[in-house]
Amino acid sequence: SPTHRPTRIPTPAPSQAQTLVQVASSVTLEGVNPVLFNADKTGRQAAFAQSIMDSTGGLFEEIIDIVAAGRRRLDDGGAGVAISYTGIARIDGTDNGEQVSAERLEQSMDALTLAIDDGSFLTTLQAADSAFAAVTVDVTATYAAIAAATVVFVVTTPAPSPRPTSRPSPAPSPRP
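Below is a short write-up of the structure. Model, not experiment: these values are computed from the prediction.

### Section: the overall build of the protein
Argument step 1. Regarding its fold elements, the protein presents 5 helices and 5 strands.
Argument step 2. Reading the protein from its N terminus to its C terminus gives the helix and strand order β-α-α-β-β-α-α-β-α-β.
Argument step 3. Pairs at least 24 residues apart make up 77% of the contacts formed inside the protein by residues separated by at least 6 positions.
Argument step 4. Carbon and sulfur atoms form 56% of the exposed surface of the protein, whose accessible area is close to 10800 Å².

### Some thoughts on helix α3 (residues 97–117)
Argument step 1. Here α3 spans 30 Å end to end across 21 residues, near enough to the 30 Å set by a 1.5 Å rise per residue.
Argument step 2. Those residues of α3 that fall on the buried side of the exposure criterion are G97, V100, S101, R104, L105, S108, A111, L112, A115 and I116. Looking down the long axis of α3, one finds its buried residues gathered within 140° of arc, a one-sided arrangement. In α3, the exposed residues that point more than 90 degrees away from the buried face are E98, E106, L114 and D117.
Argument step 3. G119 sits one or two residues past α3 and shows a positive phi near 85°.

### Quick word on the environment of V23
Argument step 1. Its place among the elements puts V23 in strand β1 (residues 18–30).
Argument step 2. Note on V23: relative accessible area 3%, which makes it buried.
Argument step 3. Once the C-alpha coordinates of V23 and F153 are considered, the two residues, 130 residues apart in sequence, prove to be 8.7 Å apart.
Argument step 4. If we skip the residues at most four places from it in the chain, V23 touches F60, Y85, T86, G87, L105, S108, A149, T150 and V151.

### Some thoughts on the packing of aromatic side chains
Argument step 1. What the rule picks out here adds up to 4 aromatic pairs.
Argument step 2. On the basis of an interplanar angle of 65° and a centroid distance of 5.9 Å, the ring pair of F48 and Y85 is categorised as edge-to-face. With a gap of 37 residues between them, F48 in helix α2 (residues 41–55) and Y85 in strand β3 (residues 79–92) connect regions that are remote in the sequence.
Argument step 3. The exposure class of F48 is buried, given its relative accessible area of 0%.
Argument step 4. Each ring, one from F48 and one from F121, has its centre 6.0 Å from the other, and the planes form 85°; the classification is edge-to-face. Placement of F48 in helix α2 and of F121 in helix α4 (residues 120–128) is noted, with a sequence separation of 73 residues between them.
Argument step 5. When its relative accessible area of 0% is taken as the criterion, F121 is described as buried.
Argument step 6. Aromatic ring contacts, followed pair by pair, group F37, F48, Y85, F121 and F132 into a single cluster.

### Observations regarding the pattern of salt bridges
A side chain with one charge may pair with a side chain of the opposite charge, provided their charged atoms come close.
Argument step 1. Inspection of every chain in the model, using the stated rule, returns 2 salt bridges.
Argument step 2. A salt bridge links E61 to R90; the shortest N-O distance between them is 3.1 Å. Of the two residues, E61 is situated in the loop between α2 and β2 (62–72) and R90 in strand β3; the sequence distance between them amounts to 29 residues.
Argument step 3. For R90, a relative accessible area of 35% translates into the label partly exposed.
Argument step 4. Salt-bridge contacts for R90 lead to E62; the nearest nitrogen and oxygen are separated by 3.1 Å. Taken together, the positions of R90 in strand β3 and E62 in strand β2 put the pair 28 residues apart, joining distant regions of the chain.
Argument step 5. Residues joined in a network through salt bridges with shared partners are E61, E62 and R90.

### What about the side chain of S26?
Argument step 1. With respect to the element layout, S26 can be found in strand β1.
Argument step 2. Classification of S26 as buried rests on a relative accessible area of 12%.
Argument step 3. For S26, the residues in contact, after removing those within four places along its chain, are I83, S84, Y85, T142 and A145.

Procedures and definitions
Residues numbered from 1 in each chain as written. Predicted model: local features only at pLDDT ≥ 70, side-chain atom pairs only at ≥ 80, totals over all residues. Heavy atoms only, no water. Helix = DSSP H or I, 4+ residues; strand = E, 2+ residues; numbered from the N terminus. Contact = heavy atoms within 4.5 Å. Areas by Shrake-Rupley, 256 points an atom, 1.4 Å probe, with all protein chains shown as cover. Expected span 1.5 Å × (residues − 1). Buried < 20%, exposed > 50% of the residue type's maximum accessible area, 1.4 Å probe, protein only. Arc of directions from axis to C-beta. Phe/Tyr/Trp six-rings, centres within 6.5 Å; stacked < 30°, edge-to-face > 60°. Salt bridge = Lys/Arg side-chain N within 4 Å of Asp/Glu carboxyl O.

What follows is the structure in C-alpha cells.
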C-alpha cells in the first residue's frame, strides 16, 4: 500500500567504464626526408595523422607519437622512411577491454590495408600537403608493418558523480 513517507535517498549511478585503445603501426614512404618531417608538426605530421584517420574510417580519435626514421631494406637495397604512429580510440561503456581492443586493431589493419591497396591513403596524403607530391608508398614494407601492428588497452572508470540529495532542485526561472 502506498505511503506518504519518503523513500530511501537514491544512490549515485555507477559511472561507465571507458577503454582507451592504442594501436601502434607504421607506414613506409619513399621520398620523405625524416628530419624535415619530424620538425614539421603542424604541416607534414598533421597531414600524415589526418590521412591515417581518414584511411581508417574514423576508428581513431587522434594519432600521436608520429616519428619518421630512415631505414634500409636488405632484400633490394631500397631506402624508405618508416613513419611510426599510435592511433588512439576511446570507447565508452565496454565490459571487455581485451575483445574491444582486438576488434579495433583488426578493423584498423583491414581499413589501412584497403587504403594502401586502392591508393586512397597516398591520394589523401598528397592532397593534404604538397610536400608529399613526389612521395610513394613502399607497399611491401607497409603491409609488413600493418601485419605487425600492436595494441595496448587501458580500462578506466571515471570518478563517481556527486551523491544525490533529497532536497528538490530549484524551480526554473520564468522566461523573460
